[in-house]
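Structure at a glance
The chain contents come next:
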Amino acid sequence: MTQINSKRILLGVTGGIAAYKAAELTRLLVKAGHEVQVVMTEAATHFVGPATFQALSGKPVLTRLWDGDAGNGMAHIEVSRASDIILISPASANFIAKLAHGLADDLLSTLCLARACPLAVAPAMNKQMWDNPATQRNLAQLRLDGVTLFEPASGAQACGEVGMGRMQEAAALLIELEALFQPKCLAGQRVMVTAGPTYEAIDPVRGITNLSSGKMGYALARAAWEAGADVVLITGPTALALPPHARAIQVSSAEEMQAAVMREIEPISIFISVAAVADYRVAQTAEQKLKKTETAPTLLLTPNPDILAQVAARPKPPFCVGFAAETENIAAHAQTKRQHKNIPLIVANRAQNALGQDESELILIDFNASKLLPRAQKLVLARQVIAHISEML
Ligand code: C5P
């Protein structure tokens, strides 16, 4: 199975209560297949013990410049050399000040100064410290120096105040970090993705839906954002958390999805239709719950609009990508659908092996060729689909 590109990440933890979030981040990074070397400042060790990070990363934690952990006594050079990126999370106001001024008075600040790799910083501090002009000056300097800032959010803080300075959650930091390594092949593009199933009501408590989980659509929205696009996600009902990096619009029925798509379509340059839109809806939705009767009722169905075909038929259509979940003759059926809907690219998969799962196997079919993307995590496949779209463009 194709794995997510593994990176060597030096995770610097500085002194702040958000250090506990760095423990969760370590776990998520390792789970995503990355190699994590944790380096802590002395202050950080008062919040979370090095043993926690050692257990989560599977590597001894480095804390002191003079430990002699490195063979030649130049730990700061060796550790930086072995990293694809340094992420400071949490980055205290004090550590940000040190970075801005090029200080090197402990192991972590020294290896930041000695690095040859990118540096990303996730600030975490009390709102007064964040608002202080000195901190803002230091942050501006880091931006000028090409350091990536994972901006904090506003919210309740450990000190009891509410305001800016709360570090992003570990899951969001993981997404931001991995995005740094993706080629920006869709920079400047406006992408719309539809995802998930639709729900066609029979009465107020019953409806017709399907097994689509939304995972492939959400992965494509994330991959398009990683590639530098501005993304709007139109999603049917799913159990997934809405992605922080796309503007999400939640809908229920196919008609609601159609209305949302048409309302937002004008500036869109790439339309990726992953949603498993119900082909039919109930002709007359009952206003009250239907009562059980002696004889089984007959549901009269009526066709839903074909949203993708409608978008593709616009006078100046965006680049349209369809999805086809098939159970047999996958490539042949998908090719027929592509021609029928008049779209440049269709992505086919075997419904039984994809619906609801974390992995899939895809076939990309355009007007003269088809390409197999072997079984992999949906995010890995989504990145390959985005790369293919950018090549076709
Ligand atoms: O027509 P069929 O459902 O087989 O085609 C699947 C493709 O068409 C998917 O990309 C799906 O999102 C899109 N579709 C649509 N509106 C429908 C049915 C399917 O946009 N009513």
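For the structure, check the block above.
As a starting point, this report considers the structure included with it. (Residues numbered from 1 in each chain as written. Predicted model: local features only at pLDDT ≥ 70, side-chain atom pairs only at ≥ 80, totals over all residues. Heavy atoms only, no water.)

Around the ligand lies a shell formed by Ser273, Ala275, Val277, Asp279, Pro305, Asp306, Ile307, Leu308, Gly322, Phe323, Lys337 and Lys341. At a separation of 2.6 Å, an oxygen atom of the ligand approaches a polar backbone atom of Ser273. Between Pro305 and the ligand, the recorded distance is 2.8 Å, taken from a backbone N or O atom to a nitrogen atom. Here the ligand, which alone exposes 440 Å², has 87% of that area covered by the protein. Structurally, the ligand is housed in the second largest pocket. Of all the elements in the fold, those that place two or more residues in the shell around the ligand are helix H11 (307-312), strand E16 (319-326) and helix H12 (330-341). (Near = heavy atom within 4 Å. Polar contact = N/O pair within 3.5 Å; in protein donor to acceptor, adjacent residues only side chain to side chain. Areas by Shrake-Rupley, 256 points an atom, 1.4 Å probe, with all protein chains shown as cover. 1 Å grid on protein atoms, 1.4 Å probe; cavity = no way out; pocket = protein on both sides within 12 Å on 5 of 7 lines; lining within 4 Å. Sits in = over half its atoms within 2 Å of the grid points. Helix = DSSP H or I, 4+ residues; strand = E, 2+ residues; numbered from the N terminus.)

The next subject is the nonpolar core. Counting 34 residues, the largest nonpolar core has Val191, Val193, Leu220, Ile272, Ile386 and Ile389 as its most contacted members. Here the element with the most residues in this core is helix H9 (residues 215-226); it accounts for 7 residues. Counting residues in each nonpolar core, the second largest holds 29 residues, with Leu11, Met40, Leu87 and Leu173 among its members. (Core = buried A, V, L, I, M, F, W, Y, C linked by side-chain atoms within 4.5 Å. Buried < 20%, exposed > 50% of the residue type's maximum accessible area, 1.4 Å probe, protein only.)

Attention now moves to the pairing of E16. Judged by how many residues are buried, E16 sits mostly within the fold: 7 of 8 residues are covered. Pairing of strand E13 (residues 270-273) with E16 involves 4 bridges; the strand directions are parallel. When the sheet's bridge partners are listed, Ile270 is paired in E16 with Phe319. Bridging between E16 and strand E17 (residues 345-350) involves 6 bridges; their strand directions are parallel. Following the sheet pairing, Phe323 is matched in E17 by Val347. (Pairing = 2+ DSSP bridges.)

Size it by volume and the largest pocket reaches roughly 970 Å³. In terms of residue count, the dominant contributor to the lining of the largest pocket is helix H8 (residues 170-180) (5 residues). A per-class count over the lining of the largest pocket returns 15 nonpolar, 4 polar and 7 charged. The two domains that each donate at least three residues to the lining of the largest pocket are domain 1 (8-180) and domain 2 (190-392). Size it by volume and the second largest pocket reaches roughly 840 Å³. (Points joined across faces, edges and corners; volume = space filled by probe spheres on them. Nonpolar A, V, L, I, M, F, W, Y, C, P; charged D, E, K, R; others polar. Domains from an automatic or database assignment.)

Let us look at the sheet that holds strand E5 (residues 148-149). Ordered in space as E2-E1-E3-E4-E5, the 5 strands form an open sheet in which the pairing is parallel. Of all the strands in the sheet, just strand E2 (35-40) and E5 have a single pairing partner and so form its edges. Bridge analysis of strand E3 (residues 85-91) against strand E4 (residues 119-123) gives 4 bridges, and the strand direction is parallel. Within E4, the position partnered with Ile88 by the bridge is Val121.

This brings us to the pattern of salt bridges. Counted under the stated rule, the structure contains 21 salt bridges. A salt bridge links Glu151 to Arg143; the shortest N-O distance between them is 3.1 Å. Several salt bridges converge on common partners, so that one network encompasses Glu178, Arg222, Glu226 and Arg383. (Salt bridge = Lys/Arg side-chain N within 4 Å of Asp/Glu carboxyl O.)

When we look at burial in helix H10 (residues 254-264), the residues that qualify are Ala254, Met257, Gln258, Ala260, Val261 and Glu264. Mapping the buried residues of H10 onto a view down its axis gives an arc of 165°, with all of them on the same face. Buried residues belonging to H10 abut strand E8 (190-195), strand E9 (200-203), strand E11 (230-235), strand E12 (247-250), E13 and H11. (Arc of directions from axis to C-beta. Contact = heavy atoms within 4.5 Å.)

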